[in-house]
Amino acid sequence: MTEATSSSDAEQVKGRQRMLGLLLAAAMFVLVVDTSLMNVSISAVVRDLGTTVSGVQSAIALEALVSAAFILIGGKVGDLIGRKRAYVLGLLGYAIGALAMALAQSLTAVIIFWAVVGGIGASLLLPAMQSLIHGNFEGAAQKQVYALVGAAAAIAAAVGPLLGGFITTFLSWRVGFVLEVVVIAVVLSGIKLVRDVPYTGPRTIDLVGALLSVVGMGGLVLGILAWQEGGESVAALLATGVIAMGALAYWLMRRKRAGKPTLIDPDLFISKLFRLGISQQMLQQIALGGAMIALPIYLQMVLEYNALQAGLSLAPLSLSMFAVAVLAGKKAGKRRPASIVRLGFVLLTVGIAVLIPIVPRAEFGWALIVPLLIAGSGLGLLVSQLNNYTLAPISEERVSEAASVNSAAGSFGLSFGLAFAGAIMLAALSIVFTNMAQDSAVLPPAEKQQVAQVLEENAQLMTNTDLEELLVNQPPEIQDEIIRINTDARPISLQIALLIPLLAGLIGLFNSFRMMRLPDPTPSGAEGTVLG
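Let us look at the structure shown here.

So, how was this worked out
- Residues numbered from 1 in each chain as written.
- Predicted model: local features only at pLDDT ≥ 70, side-chain atom pairs only at ≥ 80, totals over all residues.
- Heavy atoms only, no water.
- Axes fitted to C-alpha atoms, helices over the stretch in contact; angles between N-to-C directions.
- Helix = DSSP H or I, 4+ residues; strand = E, 2+ residues; numbered from the N terminus.
- Parallel < 35°, antiparallel > 145°, perpendicular 65-115°, else oblique.
- Left-handed = near helix turned anticlockwise from the far one by under 90°.
- Contact = heavy atoms within 4.5 Å.
- Core = buried A, V, L, I, M, F, W, Y, C linked by side-chain atoms within 4.5 Å.
- Buried < 20%, exposed > 50% of the residue type's maximum accessible area, 1.4 Å probe, protein only.
- Expected span 1.5 Å × (residues − 1).
- Salt bridge = Lys/Arg side-chain N within 4 Å of Asp/Glu carboxyl O.
- Patch = residues over 30% accessible without salt bridge, like charges linked within 9 Å, V, L, I, M, F, W, Y side chains within 5 Å.
- Areas by Shrake-Rupley, 256 points an atom, 1.4 Å probe, with all protein chains shown as cover.
- Bend = angle between axes of the 7 residues up to and from the residue.
- Phe/Tyr/Trp six-rings, centres within 6.5 Å; stacked < 30°, edge-to-face > 60°.
- Nonpolar A, V, L, I, M, F, W, Y, C, P; charged D, E, K, R; others polar.
- Lys, Arg positive; Asp, Glu negative; His and termini not counted.
- Charge placed at Lys NZ, Arg CZ, Asp CG, Glu CD.

It is worth spelling out the packing of helix H10 (residues 272-301) against helix H12 (residues 337-358) at this point. To describe two helices that pack against each other, one gives the angle between their axes and the distance between the axes. Where H10 contacts H12, the axes come no closer than 12 Å and their chain directions differ by 25°. With respect to each other, H10 and H12 are oriented roughly parallel. Regarding H10 and H12, the two cross each other, and that crossing is left-handed. From H10, Gln-280, Leu-283, Gln-284, Ala-287 and Leu-295 reach across to H12, where they touch Val-341, Phe-345, Leu-348 and Leu-355.

Right, here's the structure in full:
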């Protein structure tokens with residue numbers, strides 16, 4: 001009888017853990033599908049809100065930036081108010097952002113509620129979620145849930161473009177955000193399954209460290225966004241970001257030596273494994289962010305695809321990422337995580353490298369299928385390994401700090417990739433437009449500067465069809481020449497933008513050889529813990 005009761009209790013515990021793992025994965029799904037939905041619906045959002053492509057792209061990058069800038073604070077807030085409560089507040093913040101998108105009538109509303117409020121929600125949610133995984137699961141179950149959450153992110157990346165494209169094309173992009181609210185409600189309905197992870201460390205908030213972290217990461221990405229929008233003080237913003245990040249490192253070490261509470265413990269960075277793990281996480285997200293802003297804009301603005309066609313064209317990247325993440329999570333066996341990460345960066349780099357020369361010759365989205373499959377497989381391998389590699393050896397007491405740093409690295413990488421690749425693409429368009437207009441043998445000399453200026457300011461936002469409508473009163477030869485310039489310039493700018501994910505992949509590949517020279521991380525409960 002006792003054995004039967006114990007067996008029944010054990011089954012109930014396993015059942016609750018399975019359900020909790022699924023709900024945590026659903027929360028991650030919403031986080032990732034949110035950005036995927038925005039990326040694939042850019043042209044529809046631009047049209048419905050009467051805004052610009054660069055404006056929407058800036059909002060996408062800003063959302064990731066806010067998440068990155070506040071995530072270290074979010075992790076500390078989770079320590080003070082409870083990781084479970086921070087998890088709930090983060091979900092509610094994201095729900096507010098999604099609901100605002102469903103009702104938005106202007107870009108201002110998108111920036112305030114989706115980018116800022118939703119970004120702050122993510123800054124609470126991500127570190128709390130990783131802390132809760134660490135505290136609610138152990139051993140093989142913990143590794144499986146990390147893999148499940150990673151797979152959910154991959155599923156969202158896969159389903160987001162397809163689902164978003166279908167909904168945007170046949171219903172409205174707003175419906176997709178309503179569905180996000182529904183998923184969040186389902187996740188919150190199972191909150192009783194979550195066991196809070198107590199924090200017993202110092203409860204003093206390092207306000208100076210928090211401010212420096214916001215100014216540092218914010219200055220770097222805002223500087224890039226200001227450059228993209230043609231704003232002033234770009235150098236000042238970038239310099240402010242760099243100086244603030246350096247000041248943060250100095251401040252944390254000084255506080256640590258004085259025995260005072262710090263925003264994050266600088267001793268975390270003593271471990272080479274941890275440093276490599278978060279740097280690889282950031283590089284993976286830079287590559288993903290760069291690809292996922294350049295490719296949707298290309299598909300919708302150059303090939304003139306609707307949201308569904310764009311989503312289908314991106315499916316090879318997202319579906320292979322999902323499939324490989326799931327497969328690698330289950331079949332990794334005794335293979336070294338470092339070797340899997342190395343293979344992931346090899347495939348990512350090869351995929352992007354093959355994609356670059358294909359772009360100017362691609363007349364339809366499926367011409368990109370092979371390089372997207374290769375790059376997606378590489379990203380899937382990385383998704384399956386990096387979270388567990390970075391956080392498995394961290395003790396429960398310090399996992400919130402470590403998870404915050406890990407999430408900050410990922411969110412900053414994503415926002416940096418989105419902003420930098422987008423800025424490079426638009427800057428390249430400006431330069432190429434101007435040069436082609438000046439070199440044209442068809443355009444009258446008096447009109448070359450005017451055409452270059454008009455193209456620089458407006459053509460980046462228009463398909464050739466829209467441009468033809470704008471030029472309807474021009475002579476046929478002028479129309480044809482401007483359309484040719486518009487057609488030739490865009491693929492070149494995309495190729496230049498894709499150098500950002502390519503460079504991130506190459507640096508990640510270099511780092512992976514450093515990982516191979518180090519011992520594999522051991523779980524925090526095992527003997528030989530890396531960080532206690």
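Now, onward.
On to the nonpolar core, then. The tendency in soluble globular proteins is for nonpolar side chains to be buried side by side. Ranked by size, the top nonpolar core spans 137 residues in total, and within it Tyr-87, Val-110 and Phe-177 carry the most contacts. Sorting elements by how many residues they give to this core places H10 first, with 17 residues. Residue contacts for Val-110: discarding those within four places in its chain leaves Met-38, Leu-49, Ala-59, Met-101, Ala-104 and Ala-115. Membership of the second largest hydrophobic core comes to 11 residues, among which are Leu-429, Phe-433, Ala-437 and Leu-443.

Let's shift gears to helix H9 (residues 234-257). The end-to-end C-alpha distance of H9, which contains 24 residues, comes to 35 Å, matching closely the 34 Å that a straight helix rising 1.5 Å per residue would cover. Inspection of H9 places Val-234, Gly-241, Ala-244, Leu-248, Trp-251, Leu-252 and Arg-255 among the buried residues, and these make up the whole buried set. Positioned one or two residues after H9, Gly-259 has a phi angle of 75°, which is positive.

The residue Leu-207 is located in helix H8 (residues 207-228) in this model. Looking at Leu-207, the relative accessible area reads 63%, which means it is exposed.

A side chain with one charge can pair with a side chain of the opposite charge if their charged atoms come near. One pass over the structure, following the stated rule, counts 1 salt bridge. Asp-48 is the partner of Arg-47 in a salt bridge, and the nearest nitrogen-oxygen pair spans 4.0 Å. Classification of Arg-47 by relative accessible area gives exposed; the value is 60%. By relative accessible area, which is 40% here, Asp-48 ends up partly exposed.

With that out of the way, let us pick up a nonpolar patch on the surface. Together, Val-159, Leu-163, Phe-166, Phe-170, Leu-171, Val-175, Val-178, Leu-179, Val-182 and Val-186 make up a nonpolar patch on the protein surface, roughly 830 Å² of accessible area in all. Sorting the residues of the nonpolar patch by element identifies helix H6 (139-170) and helix H7 (173-189) as the ones contributing at least two each. Ranked by the residues each element gives to the nonpolar patch, the list is headed by H7, at 5 residues. Mapped onto the elements of the fold, Leu-179 is located in helix H7.

In a regular helix each residue adds 1.5 Å, so 23 residues correspond to 33 Å; helix H13 (residues 369-391) covers 34 Å between its end C-alpha atoms and thus fits that length. Of all the bends in H13, the largest measures some 30° and sits at Gln-385. The element H13 is extensively covered by neighbouring structure, given that 19 of its 23 residues are classed as buried.

This brings us to the packing of aromatic side chains. The full count for this structure, using the stated rule, is 1 aromatic pair. Seen in terms of ring centroids, Trp-173 and Phe-177 are 6.2 Å apart; in terms of plane orientation they differ by 85°. Their pairing is edge-to-face. With Trp-173 and Phe-177 both in helix H7 and 4 residues apart, this pair spans about one turn of that helix. Take Trp-173 and Phe-177: they sit in the same class, and that class is buried.

Quick look at the side chain of Gln-284 now. With respect to the helices and strands, Gln-284 occurs in helix H10. Excluding anything up to four places from it in sequence, Gln-284 contacts Phe-345, Leu-379, Leu-382, Val-383 and Leu-386.

Now for the packing of H10 against helix H18 (residues 499-516). Running from N to C, H10 and H18 point in directions that differ by 160°, and their axes come no closer than 8 Å. When the axes of H10 and H18 are compared, the pair comes out roughly antiparallel. Between H10 and H18 lies a crossing of left-handed hand. Contact residues: H10 offers Leu-276, Ser-279, Gln-280, Leu-283, Ile-286, Ala-287, Gly-290 and Ala-291, while H18 offers Ile-500, Pro-501, Ala-504, Ile-507, Gly-508, Asn-511, Ser-512, Arg-514 and Met-515. Of the residues in the contact of H10 with H18, the class split is 10 nonpolar, 6 polar and 1 charged.

A contiguous patch of positive charge, built from Lys-272, Arg-275, Arg-514 and Arg-517, is present on the exposed surface. Within the secondary structure layout, Arg-517 lies in the segment after H18. For Arg-517, a relative accessible area of 65% translates into the label exposed.

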